[in-house]
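Here is what each chain is made of, one letter per residue.
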Amino acid sequence: MSNKSGINVVTIADDCLEDFRSIRKTLQRALPGQVEFFHASTIDELFTSFKNHPPDLLIQDINIPRSDEDSDDSEAGLTALFDVVNEFPNLPVIINSGQLQESQKSLRKLQNK
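Keep in mind it's a predicted model, so treat the numbers as computed, not measured.

Calculation rules
Residues numbered from 1 in each chain as written. Predicted model: local features only at pLDDT ≥ 70, side-chain atom pairs only at ≥ 80, totals over all residues. Heavy atoms only, no water. Pairing = 2+ DSSP bridges. Helix = DSSP H or I, 4+ residues; strand = E, 2+ residues; numbered from the N terminus. Right-handed = clockwise from strand over helix to strand, strands pointing away. Phe/Tyr/Trp six-rings, centres within 6.5 Å; stacked < 30°, edge-to-face > 60°. Buried < 20%, exposed > 50% of the residue type's maximum accessible area, 1.4 Å probe, protein only. Arc of directions from axis to C-beta. Contact = heavy atoms within 4.5 Å.

Caption draft 1: Looking closely at the pairing of strand 2 (residues 36-40). Pairing analysis gives five bridges linking strand 1 (residues 9-13) to strand 2, with the strands arranged parallel. Directly across from Ile12, in strand 2, lies its bridge partner His39. With respect to chirality, the unit in which strand 1 leads through helix 1 (residues 17-30) into the neighbouring parallel strand 2 is right-handed.

So, in structure tokens, the structure goes:
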């Protein structure tokens, strides 16, 4: 059974498994029907997930690392977000972050592109 929102595939890109589970649980209540959820804990996993399961909605932690070994690149999540927006301009994206100032800076950069 499909849902009325037209959202059938959601990718949640967050390196915190607890945050992923919380977001998924909330969306399962908000989007009744059969929605598939995919989790990416790194940017590398995010783009692999996009290739295998193109999403109808992306929720991305702006501070997600590029890979498991590369957690020091503070701009990696923002760069990935720019890549997603450029490659999939019609894809709805929700930015998730526990750091308000970083999110605000990221939104300003994205709006100025």
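Caption draft 2: Spotlight on the packing of aromatic side chains. For the structure on display, the rule yields two aromatic pairs. Each ring, one from Phe50 and one from Phe88, has its centre 5.1 Å from the other, and the planes form 65°; the classification is edge-to-face. Highlighted residues: Phe50 in helix 2 (residues 43-52) and Phe88 in the loop between helix 3 (76-87) and strand 4 (93-96), separated in sequence by 38 residues. Residue Phe50 is classed as buried on the basis of its relative accessible area of 6%. A relative accessible area of 29% means that Phe88 is categorised as partly exposed. Each residue in the set Phe47, Phe50 and Phe88 is aromatic and connected to the rest through ring pairs, giving one cluster.

Caption draft 3: Local environment of helix 2. Along helix 2, the residues classified as buried are Ile43, Leu46, Ser49 and Phe50. In an axial view of helix 2, the angular spread of the buried residues amounts to 115°, which keeps them on one side of the axis. Turned more than 90 degrees from where helix 2 packs its buried face, Lys51 and Asn52 sit exposed. Buried residues belonging to helix 2 abut strand 1, strand 2, strand 3 (57-61) and helix 3.

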